[in-house]
Amino acid sequence: MNVEETSKLLYDYTSGYPFLVSRLCQILAGAVKEDSTGQQRKKAWSKEAFQGAVREILKRPNTLFDDMSKKLSDYPRLKEMIYSILLQGRKYSYENENEIIRIGEMFGFLKEREGAVSVSNRIFEMKLYNLFLSEEETDTKMFTAADTEKNQFIRGGHLQMELVLQKFCEYFEELYADADDRFVEDNGRRIFLVFLKPIINGSGNYYIESRTRNMKRTDVIIDYRGVQEVLEMKIWHGEEYNRRGENQLLEYMEYYHLDKGYLLSFNFNKKK
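Residues numbered from 1 in each chain as written. Predicted model: local features only at pLDDT ≥ 70, side-chain atom pairs only at ≥ 80, totals over all residues. Heavy atoms only, no water.

Chemist: Break down the packing of aromatic side chains for me, with residues and values.
Modeler: This model, assessed by the stated rule, comprises 18 aromatic pairs. With 6.2 Å between their ring centres and 85° between their planes, Phe-109 and Phe-124 make a pair best called edge-to-face. With a gap of 15 residues between them, Phe-109 in the loop between α7 (99-107) and β1 (110-113) and Phe-124 in helix α8 (residues 122-137) connect regions that are remote in the sequence. Members of the aromatic cluster, each reached through a chain of ring pairs, are Phe-153, Phe-168, Tyr-171, Phe-172, Tyr-176, Phe-192, Phe-195 and Phe-266. Across from the ring centre of Phe-107, 4.9 Å away, lies the NZ or CZ of Lys-71, which sits over that ring. (Phe/Tyr/Trp six-rings, centres within 6.5 Å; stacked < 30°, edge-to-face > 60°. Helix = DSSP H or I, 4+ residues; strand = E, 2+ residues; numbered from the N terminus. Lys NZ or Arg CZ within 6 Å of the ring centre and 35° of its normal.)

This is the structure in C-alpha cells:
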C-alpha cells in the first residue's frame, strides 16, 4: 500500500468522518485475500480501487445515508440551504447562532470553511448531489436523452468527454432555447449534472471542487475507471473573465497532472 497516497485520498473524501473512513477501508481490505500476489495487493489499494470503494459506499444502503435522507425531510429549510449551496453556488456566511446552520452542524452535515458554510465532506456532497438530482431526473428531458444514448459516450472503457460536451450543447439548445436567462443561469449547471449522471453511473464518480463553487463558476472533477477529467462550468462575462477562467483551468490541470481540460460556458448574449 502507498500509505501516504491512501491516507490523503481517505481524508480528501471523508474529512476524517469515522464511519466513512472505516467503511472505505473495509471495502478495500476485503479485496485483499490471503493468497493474493503482491501485484494483486498493490492493485487492491490503488487509486482506481479507491474510486470503486467510493462508488460502492454511495450505491449501497446504510443507516447513515438513510438517516441523512430522513433528517432532510424533517428539516426542509436545512435541505433548501444545502441544495442552494451545492446546485446554485449560494454562499452563506458562517454564524453558529443561526438555527439552521447549528442543526446542520449537529447532524454532521455542515461545517465552517473560510468563514462560509460548507458541506462537511466530499462523500456527503456526492450523496447529496445524487439525492437531489434523483428527485428531478424522472421528469427531466436531459436525463432521458443521455440515458437513451449513453452507450455512445463510452469507447474501449474510456469516457469520451468531448462527445459528452458536444451532445450536451446540442440537447441543451434544442430543449432550452426558449428558456429565459434567469432560468438557465440558475439551472444550467444542474442540468449538465443530470445529463452526466446516467452516462457515468455505475463506473464513475464526480464531485464539485468546493473552493471554486459559486454563482459564476464551478469546477467538476470526473473520475471514470480511474481516469480523471477536469471541467470548468461558468457563466459568460466577457473575454477577460473567460481568459481568467482558462488560466484557472490550467492550474487545475497542472494540479491533477492532466494535459487536457474542458471549459463549458453558458452565454446569454443575444448576439453571441
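Chemist: Can you explain helix α4 (residues 47-59)? Please cite residues and give values.
Modeler: Across its 13 residues, α4 extends 19 Å between first and last C-alpha, which sits within 8% of the 18 Å expected from 1.5 Å per residue. Buried within α4 are the following residues: Phe-50, Gln-51, Ala-53, Val-54, Arg-55, Ile-57 and Leu-58. (Expected span 1.5 Å × (residues − 1). Buried < 20%, exposed > 50% of the residue type's maximum accessible area, 1.4 Å probe, protein only.)

Chemist: Please set out empty space enclosed by the protein residue by residue, giving values where relevant.
Modeler: In this structure the tally under the stated criterion is one cavity of 30 Å³ or more. Counted as a void, the largest cavity has a volume near 70 Å³. Taken together, twelve residues make up the lining of the largest cavity; nearest its centre are Leu-86, Leu-87, Tyr-129, Arg-189 and Thr-218. Contributing elements (two or more residues each) for the lining of the largest cavity: α6 (76-88) and α11 (181-200). Looking at the lining of the largest cavity residue by residue, the class counts come to six nonpolar, four polar and two charged. (1 Å grid on protein atoms, 1.4 Å probe; cavity = no way out; pocket = protein on both sides within 12 Å on 5 of 7 lines; lining within 4 Å. Points joined across faces, edges and corners; volume = space filled by probe spheres on them. Nonpolar A, V, L, I, M, F, W, Y, C, P; charged D, E, K, R; others polar.)

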